[in-house]
Amino acid sequence: MDFKTFCARLDAKCIQGFGMGWSDMPDLVMVRDLFDDGLSVDEVYEICVEEWANDDPLFAEAMGF
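Residues numbered from 1 in each chain as written. Predicted model: local features only at pLDDT ≥ 70, side-chain atom pairs only at ≥ 80, totals over all residues. Heavy atoms only, no water.

## Let's talk about helix H3 (residues 41-55)
Turn by turn, an α-helix covers 3.6 residues, leaving residues three or four places apart pointing in a common direction. Look at H3: 21 Å from first C-alpha to last across 15 residues, which is about the 21 Å you get at 1.5 Å a residue. Residues Val-41, Val-44, Tyr-45, Cys-48, Val-49, Trp-52 and Ala-53 constitute the buried set of H3. Seen end-on, H3 carries its buried residues on one side only, within an arc spanning 165 degrees. Buried residues along H3 sit in contact with helix H1 (3-18), helix H2 (31-36) and helix H4 (57-62). (Helix = DSSP H or I, 4+ residues; strand = E, 2+ residues; numbered from the N terminus. Expected span 1.5 Å × (residues − 1). Buried < 20%, exposed > 50% of the residue type's maximum accessible area, 1.4 Å probe, protein only. Arc of directions from axis to C-beta. Contact = heavy atoms within 4.5 Å.)

This is the structure we're talking about:
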């Protein structure tokens, strides 16, 4: 899978998970580096959600953290 497809799948997973796209969220995670390291969309999603939750208490509450 190329990076563009990876980002589209990550975006779709975010929309499914909490109603906003990955591109709508703060840029707290070096997604390209994680992609280059071979992580899956699911793994990157979990890392992103955790970072966003650490950054925003309301997001953390909404996500059940």
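## Looking at the nonpolar core
Formed by 18 residues in total, the largest nonpolar core has its most connected members in Leu-10, Phe-18, Val-31, Val-44, Trp-52 and Phe-59. Secondary structure elements with two or more residues in this core: H1, H2, H3 and H4. The biggest single contributor to this core is H3, with seven residues. Not counting the four nearest positions on each side in its chain, Phe-59 is found in contact with Phe-18, Met-25, Val-49, Trp-52 and Ala-53. (Core = buried A, V, L, I, M, F, W, Y, C linked by side-chain atoms within 4.5 Å.)

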